[in-house]
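Fold and contact review
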Amino acid sequence: MTRADLKSRFLIYLFAILTLLAGCGGSGGGADQMTGEGSAELTIDWPEQTRLIPIAANSITVSFLDGSSVLQSQTVSRPPAGTSRTTVTFTNLPVRPLTLRAEAFPSNNGSGVPQASATKSVTILAGSTSNLTITMDSTIDRLEVTPLAPTVVVGNTVQLGMGALDLLGRTVLTANSTVSWESSDTSIATVDANGLVTGVAIGTANITVRESESGKSTAVPIAVTSATISSLAGLANLYINSLTAAQQQATVVGETASDAARWSVGPASPDADGSHSLRNGVSYSSLTNEQREHWDRFVRAALGTTGYQRMSEVRKANTALGMIRGGYNADYIYLGFVGRPTENGNWMMQLSGNNYATNLYFTGSTLKSSTPYFLAAEPQTFNDGGTLYAPLQQQHKAIQALIVSLNTDQLNAAKLPGTYADVMLGEGKDARSNFLTGTTDRGIPTSMLTGDQRDLLRAAIAAWTQDSPVGGPYQALYEADIEGTYVGFAGSPLMTNHGDYARIDGPHVWIEFVCVNGSVFTGTISFRSIWRDKSSDYNAAFGF
């Protein structure tokens with residue numbers, strides 16, 4: 001088998017000789033096969049190190065789980081050179097269906113971030129022997145390129161870096177040999193095997209990085225200029241200065257609470273002058289080509305790779321809506337500024353359109369806060385140019401996995417009163433007094449969740465925080481608060497019907513997700529959500 005055959009999967013052949021012993025009385029049939037205890041002997045044949053995917057894996061942790069509870073777990077280190085087989089034995093396993101989980105780690109003791117993982121259902125029956133194979137999928141969820149909005153002067157170079165992250169935003173190790181770089185236009189910019197970009201001519205090119213083990217890739221635009229302008233405040237002012245006087249007046253507003261709260265996620269058809277009564281800024285549809293280039297450079301830099309991609313998918317969904325009903329368009333999106341961007345002062349960027357709004361607060365070019373952040377998806381999935389998009393699929397799956405993991409008693413504790421046809425704290429609900437306090441009607445406390453359920457909670461939070469360029473600090477803050485966090489739901493835990501609602505409510509974090517009937521695609525369910533931070537919405541700058 002060649003390395004190409006192993007391109008995106010780590011094949012660990014667990015030729016597991018499961019010697020399953022019936023408890024008390026040997027091997028019986030019928031009901032006796034589901035009682036007593038069994039044992040399992042797993043023989044692990046390791047691939048050649050040069051063919052091992054991921055290359056960085058040096059130990060495997062094998063666990064047997066009953067539901068979400070880990071019954072037994074053992075870590076096996078890569079054997080020394082010249083040895084390709086190790087054996088691990090499990091005894092006293094209950095005789096019933098279990099889950100076998102394997103995780104590959106970069107260390108030799110099972111510590112660090114898993115590089116690959118897999119699970120397999122195993123039915124433990126008395127007196128039987130099973131041969132098992134587990135396919136280890138890479139845990140890489142996405143790639144991120146730094147810097148977020150690179151620029152380079154003609155004739156100069158800039159070094160790009162790539163980070164591989166798992167679903168929780170943790171760094172996954174990769175080997176240099178699995179990473180490749182490519183320029184979309186070498187007449188504008190070239191890039192070498194290490195991510196070093198050279199500016200060739202004025203213009204913009206896309207630099208794509210690929211990681212072959214996971215099959216993941218991402219692209220970042222690089223602007224080749226004759227002068228260096230790379231700060232966010234500088235890029236913001238390039239856009240603002242390209243606007244007419246009337247457009248600037250609609251785009252840059254005062255630093256007041258009423259101006260900060262002036263965003264909307266409803267239909268966004270512009271007025272004749274390109275403005276909108278419920279939003280700061282002018283519609284992208286009213287901009288010239290030059291203005292659009294400045295808009296795009298700044299927005300890409302401000303949102304970061306993941307955030308920009310999410311916003312773009314929601315915009316594409318609005319085009320799908322517009323094919324059914326007038327008044328919807330990807331270009332009906334508004335960029336405004338609360339305060340004039342400067343290199344040392346405080347200012348806030350607002351970007352809002354139908355089903356989307358983000359509020360990013362900066363000091364100079366340093367991002368301080370990323371909330372409120374509203375995301376919605378109608379339709380749930382759609383095809384654009386032969387590509388299938390599902391803007392909130394990850395958030396939906398993460399919330400759904402968390403709620404359906406609850407057992408009957410936990411569901412009863414998590415059940416919220418009332419019904420929901422939208423999020424509670426959407427636009428216009430900025431007062432901190434709106435957040436719940438105390439312990440009543442907030443759902444189930446984290447103290448009643450298992451370890452695996454807490455991991456599902458972390459993954460659900462990360463589904464929103466990952467869209468922020470400062471998602472890591474947010475995730476760390478919410479992790480520190482985990483013991484004071486509540487999980488609640490209304491409707492069905494499946495999160496598939498109108499009124500199904502879920503909420504994560506902690507000392508700082510506030511995330512809502514709700515399923516509602518489609519307003520344009522009638523007869524379908526759309527998703528609506530909001531992420532707020534109880535302490536730092538709008539960077540706590542406007543007295544809400």
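No experiment lies behind these values; they were computed from the predicted model shown.

Below, the discussion takes up the overall build of the protein. Along its length, the protein carries eight helices and 32 strands. Buried residues in the protein amount to 51% of all 544 residues. In the protein, 65% of the contacts between residues at least 6 apart in sequence involve partners at least 24 apart.

Turning to the packing of helix 5 (residues 393–404) against helix 7 (residues 451–465), a few remarks are in order. Orientation of helix 5 relative to helix 7, taken along the N-to-C sense of each, is 160 degrees, at an axis distance of 9 Å. As summarised for this structure, helix 5 and helix 7 are arranged roughly antiparallel, according to the angle between their axes. In the packing of helix 5 onto helix 7, the handedness of the crossing is left-handed. Between helix 5 and helix 7, the residues in contact are Gln 394, Gln 395, Ala 398, Ile 399, Ala 401 and Leu 402 and Gln 453, Leu 456, Leu 457, Ala 459, Ala 460, Ala 463 and Trp 464, respectively. Residues that form the contact of helix 5 with helix 7 fall into these classes: 10 nonpolar, three polar and no charged.

Further remarks concern the layout of surface pockets. One number sums up the size of the second largest pocket: a volume of about 890 Å³. Forming the boundary of the second largest pocket are 29 residues, of which Arg 142, Ser 217, Thr 306, Gln 309 and Glu 313 lie nearest the centre. Looking at which element gives the most residues to the lining of the second largest pocket, the answer is helix 4 (residues 289–322), with eight residues. Class assignment for the residues of the lining of the second largest pocket results in 11 nonpolar, 11 polar and seven charged.

Glancing now at the pairing of strand 25 (residues 373–377). The buried fraction of strand 25 amounts to five of the five residues, a majority that puts the element mostly inside the structure. Side chains Tyr 373, Leu 375 and Ala 377 project from strand 25 onto one buried face, and the interleaved Phe 374 and Ala 376 project onto a second face that is buried too. Sheet topology note: the strand 23 (residues 356–363)/strand 25 ladder contains three bridges and is antiparallel. In the sheet register, Tyr 356 faces strand 25, and the bridge partner there is Leu 375. In this structure, strand 25 lies alongside strand 32 (residues 525–533), joined through five bridges in antiparallel fashion. Note on strand 32: the bridge partner recorded for Leu 375 is Ser 529.

Turning to the side chain of Thr 306, a few remarks are in order. One can find Thr 306 in helix 4. A distance of 3.5 Å separates polar atoms of two side chains, one belonging to Thr 306 and the other to Glu 144. Look past the residues within four positions of Thr 306 in its chain and what remains in contact with it is Arg 142, Glu 144, Gln 466 and Asp 467.

With that out of the way, let us pick up the sheet that holds strand 16 (residues 196–199). The strand order across the open sheet formed by three strands is 11-16-15, and the pairing between neighbours is antiparallel. In the strand order of this sheet, the two ends are held by strand 11 (157–159) and strand 15 (189–191), each with one partner. Sheet twist, expressed as the average angle between the axes of neighbouring strands with direction ignored, equals 20 degrees. Sheet topology places strand 11 next to strand 16; three bridges connect them, and they run antiparallel. Residue Thr 157 lies in a different strand from strand 16, and its bridge partner there is Thr 198.

Once that is clear, we can look at the packing of aromatic side chains. Applying the stated rule across the entire model yields 19 aromatic pairs. Residues Tyr 538 and Phe 542 carry aromatic rings whose centres are separated by 6.2 Å and whose planes lie at 85 degrees to one another, so their mutual orientation is edge-to-face. This pair shows no difference in class: Tyr 538 is buried, exactly as Phe 542 is. Relative to Phe 544, the ring of Phe 542 has its centre 6.5 Å away and its plane inclined at 55 degrees; by these criteria the two rings are tilted. Its end group placed over the ring of Tyr 284, Arg 315 keeps NZ or CZ at 4.7 Å from the ring centre.

What follows covers the nonpolar core. By size, the foremost hydrophobic cluster in this structure holds 63 residues, and its most contacted members are Trp 295, Phe 298, Met 349 and Leu 351. Sorting elements by how many residues they give to this core places helix 4 first, with nine residues. Residues contacting Phe 298, with those up to four places away along its chain left out, are Leu 232, Leu 235, Ala 236, Leu 335, Phe 337, Trp 347 and Met 349. Listed in part, the 21 residues of the second largest apolar core include Val 113, Ile 140, Val 145 and Ala 205.

Scoring rules and cut-offs
- Residues numbered from 1 in each chain as written.
- Predicted model: local features only at pLDDT ≥ 70, side-chain atom pairs only at ≥ 80, totals over all residues.
- Heavy atoms only, no water.
- Helix = DSSP H or I, 4+ residues; strand = E, 2+ residues; numbered from the N terminus.
- Buried < 20%, exposed > 50% of the residue type's maximum accessible area, 1.4 Å probe, protein only.
- Contact = heavy atoms within 4.5 Å.
- Axes fitted to C-alpha atoms, helices over the stretch in contact; angles between N-to-C directions.
- Parallel < 35°, antiparallel > 145°, perpendicular 65-115°, else oblique.
- Left-handed = near helix turned anticlockwise from the far one by under 90°.
- Nonpolar A, V, L, I, M, F, W, Y, C, P; charged D, E, K, R; others polar.
- 1 Å grid on protein atoms, 1.4 Å probe; cavity = no way out; pocket = protein on both sides within 12 Å on 5 of 7 lines; lining within 4 Å.
- Points joined across faces, edges and corners; volume = space filled by probe spheres on them.
- Pairing = 2+ DSSP bridges.
- Polar contact = N/O pair within 3.5 Å; in protein donor to acceptor, adjacent residues only side chain to side chain.
- Phe/Tyr/Trp six-rings, centres within 6.5 Å; stacked < 30°, edge-to-face > 60°.
- Lys NZ or Arg CZ within 6 Å of the ring centre and 35° of its normal.
- Core = buried A, V, L, I, M, F, W, Y, C linked by side-chain atoms within 4.5 Å.

So yeah, pure geometry; function would need other evidence.
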